[in-house]
Amino acid sequence: QPVEVGGLAEQVKDDLKVQAEARRMRLVVDRPAAPLELAVDPGLLRRALENLVSNAIKFSPPGSEVVVR
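The structure presented is a predicted model; accordingly, all values stated were derived computationally and were not measured.

Empty space among the atoms becomes apparent when a probe as large as a water molecule is rolled across them. Counted by the stated rule, this structure contains 1 cavity of 30 Å³ or more. If you add up the space inside the largest cavity, you get close to 40 Å³. Lining the largest cavity are Ala 9, Val 12, Lys 13, Leu 27, Val 28, Val 29, Leu 49, Val 53 and Val 68. Broken down by secondary-structure element, the contributors of at least two residues to the lining of the largest cavity are helix H1 (5-15), strand E2 (26-29) and helix H3 (42-59). Among the residues forming the lining of the largest cavity, the class breakdown is 8 nonpolar, no polar and 1 charged.

Listed as buried for H1 are Val 5, Gly 6, Gly 7, Leu 8, Ala 9 and Val 12. Of the surrounding elements, those touching the buried residues of H1 are strand E1 (2-4), E2, strand E3 (37-39), H3 and strand E4 (65-68). Sitting at the head of H1, Glu 4 places a side-chain oxygen 3.1 Å from the backbone nitrogen of Gly 6.

Turning next to the pattern of salt bridges. Across all of its chains, the model carries 6 salt bridges by this definition. Arg 31 is paired through a salt bridge with Glu 4; the nearest N and O atoms lie 2.4 Å apart. With Arg 31 in the loop between E2 and E3 and Glu 4 in strand E1, the pair connects residues that are 27 residues apart, well separated along the chain. For Glu 50, the salt bridge is made with Arg 46, and the minimal N-O distance between the two is 3.3 Å. Of this pair, Glu 50 and Arg 46 both sit in helix H3, 4 residues apart, which is roughly one turn of that helix. Residue class for Glu 50 comes out partly exposed when judged on its relative accessible area of 24%. Looking at Arg 46, the relative accessible area reads 22%, which means it is partly exposed.

The rules behind these values
- Residues numbered from 1 in each chain as written.
- Predicted model: local features only at pLDDT ≥ 70, side-chain atom pairs only at ≥ 80, totals over all residues.
- Heavy atoms only, no water.
- 1 Å grid on protein atoms, 1.4 Å probe; cavity = no way out; pocket = protein on both sides within 12 Å on 5 of 7 lines; lining within 4 Å.
- Points joined across faces, edges and corners; volume = space filled by probe spheres on them.
- Helix = DSSP H or I, 4+ residues; strand = E, 2+ residues; numbered from the N terminus.
- Nonpolar A, V, L, I, M, F, W, Y, C, P; charged D, E, K, R; others polar.
- Buried < 20%, exposed > 50% of the residue type's maximum accessible area, 1.4 Å probe, protein only.
- Contact = heavy atoms within 4.5 Å.
- Polar contact = N/O pair within 3.5 Å; in protein donor to acceptor, adjacent residues only side chain to side chain.
- Salt bridge = Lys/Arg side-chain N within 4 Å of Asp/Glu carboxyl O.

Pasting the structure below:
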């Protein structure tokens, strides 16, 4: 189904905010000027984004910035 990727990335950012704050990290979603909509399985894309961002938080130095672009 059509999914606006920037909005989904913002949701993942909100979900992982506490995990990032515990490591004094900043999460940023750099959305394109025009919305990016893809026909995907939203649950699978969300899980993939959560795994990528969670791993970035775990394996980056404390105080880092994680950017989803």
